[in-house]
Amino acid sequence: MQAPQPVDLRLDPAWIIPVRPEGLVLTDHALIVSGARILDILPCTEADSHYAPTQHRRLPDHALIPGLVNLHTHAAMTLLRGYADDRPLMTWLNDYIWPAERKWVSAEFVLDGTRLACLEMLKGGVTCFNDMYFFPEAGVQAATEAQQRIVAGIIVIDFASNYAADPDGYLQKGLALRDAMRHHPLVSFCMAPHAPYSVGDRSLEKVLTYAKQLDLPIHIHVHETEDEIRGSLEQHGVRPLARLHGLGMLGPDFIAVHAVHLEPAEMALMAEHGCHVAHCPTSNLKLASGIAPTEALLAGGINVGLGTDGPASNNRLDLWQEMRLAALLAKGYTTRPEVVPAQTALRMVTLDGARALGLEERIGTLEIGKEADMVAVDLSAAHAQPCYDPVSQLVYCADAADVTHVWVAGREVVCERQCQTLEAAQVLARARHWRDRLARS
Ligand SMILES: [Zn+2]
């Protein structure tokens, strides 16, 4: 008989929920990690003779699931969390958020804000986030310090900021960052033109050219509010999605953030082009933008992932809330309780997010050969007992505080609810420092 193979980690959770194949829940199974990857998933009775792990962790009350993917956020806006609540989108942006950003946003602000975001997200099981913000180099720095996977947006917006003077400046800086960091194992990039109302045709054409040349996804806010659509009809004579389509932007690399207000023909167009949607249910409710037609999007074959949006319009970076809300809103919106069942909601927050970002082959499920982005969730709390169906429990009962352990590419970044990669006290002290500065102004 062969000696057991030395490996880095063996996990024995109560349930392994790989997400693919859909519906599979494994009990009495172990997951084996070697380096950054999942080496094996096998019955516990066989694991002893096959593998000699350096670390063996038993998780008797836990579900083990793939790391959660936040498909849309502006991480550094943690520092503007609660700064201007209870206002409509354009008032919120024009009168509060954009003036505050003009005054305060710097590389230091983004570094501190993103560190706070990474701390919150990692502790809540978010192992990958798709970010759109100024000074993305500072966002990338924070995420790599935290050992968290980031898809850094190459942001483009037509107005000047402390980061760049004009659209070409934004592009140059973002592309230089991409050149410098493109081989980092936890960093990838997407083009991130802000929105159809804040980026002109000339800039959008350049974004599209670079996206094609570099094979990057495009990530843009679109059809968020009725006002946005009215404005586009007045200025361009067409609705925003039609304008983007006219520029040749729709395709399998296109991620429509929000997609709240859509006509049936627009959904058919998005399906035909293989577009993805980043559904941000809390943000849409908080800014009173509306409710996205999730069930119709899914029924039309459109891939829908979930995002928190920025912490100034949510105000959490908690995908457990988004997952639960996405499932509940779809039921209320259609008056059909069977739509967006728990399995679908869990897939949206893992595999479907990864798919939208072009990372489906690397993350999003617990499968042999994939990178070990994993989350252990303790389902023994009163609010999750008794447990008949762990998937149902994850979607309708669990929250971020039930996450006990998190791994990114095989590295344990949260252990017993404590972040191992960021100094929490320091991160929180910097948040209070910025609160004092902004509150005085
Ligand atoms: Zn957003």
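Residues numbered from 1 in each chain as written. Predicted model: local features only at pLDDT ≥ 70, side-chain atom pairs only at ≥ 80, totals over all residues.

Quick look at helix α4 (residues 136–146)
Inference 1: Among all positions in α4, only Pro-136, Ala-138, Gly-139, Val-140, Ala-142, Ala-143 and Ala-146 are buried.
Inference 2: Tucked inside the fold, the buried residues of α4 contact α3 (107–123), β6 (126–131), β7 (149–156), α5 (167–181), β8 (187–193) and β15 (411–415).
Inference 3: Phi turns positive one or two residues past the end of α4, at Gln-147, with a value near 60 degrees. (Buried ≥ 20, exposed ≤ 12 C-beta atoms within 10 Å, placed from the backbone. Helix = DSSP H or I, 4+ residues; strand = E, 2+ residues; numbered from the N terminus. Contact = placed C-beta atoms within 7 Å.)

Some words on the domain arrangement of the protein chain
Often the size quoted for an interface is simply the accessible area lost on bringing the parts together.
Inference 1: Domain annotation for the protein chain reports domain 1 (5–66 + 374–408) and domain 2 (68–356).
Inference 2: A C-alpha centroid distance of 30 Å is found between domain 1 and domain 2.
Inference 3: Between domain 1 and domain 2, the residue contacts involve 18 residues of the former and 22 residues of the latter.
Inference 4: For the side of domain 1 that touches domain 2, the secondary-structure elements that each account for two or more residues are β4 (51–66), α15 (390–396) and β14 (403–408).
Inference 5: Ranked by residue count, the leading element in the side of domain 1 that touches domain 2 is α15, at five residues.
Inference 6: When the residues that make up the side of domain 1 that touches domain 2 are grouped by side-chain class, the tally is 13 nonpolar, two polar and three charged. (Domains from an automatic or database assignment. Nonpolar A, V, L, I, M, F, W, Y, C, P; charged D, E, K, R; others polar.)

Quick look at unusual backbone geometry
Inference 1: A cis amide bond, omega 5 degrees, links Asn-314 with the succeeding residue Asn-315.
Inference 2: Inspection of the secondary structure assignment puts Asn-315 in the loop between β12 (303–306) and α12 (319–334).
Inference 3: The amide bond that connects Gln-385 to the next residue, Pro-386, takes the cis arrangement and shows omega of -5 degrees.
Inference 4: Summarising the element assignment, Pro-386 is placed in the loop between β13 (374–378) and α15.
Inference 5: Phi at Val-19 takes a positive value of approximately 75 degrees, unusual for a residue other than glycine.
Inference 6: Mapped onto the fold, Val-19 is located in the loop between β1 (5–16) and β2 (29–34).

Description of the nonpolar core
Inference 1: Counting residues in each nonpolar core, the largest one holds 140 residues, and the members touching the most others are Leu-64, Leu-122 and Met-323.
Inference 2: With nine residues, the single largest contributor to this core is α3.
Inference 3: Counting residues domain by domain, this core receives three or more from each of domain 1 (5–66 + 374–408) and domain 2 (68–356).
Inference 4: Contact partners of Leu-64, with chain neighbours within four places excluded, come to Leu-11, Pro-13, Trp-15, Ile-16, Ile-17, Leu-31, Leu-59, Leu-366, Met-374 and Ala-376. (Core = buried A, V, L, I, M, F, W, Y, C linked by C-beta atoms within 7 Å.)

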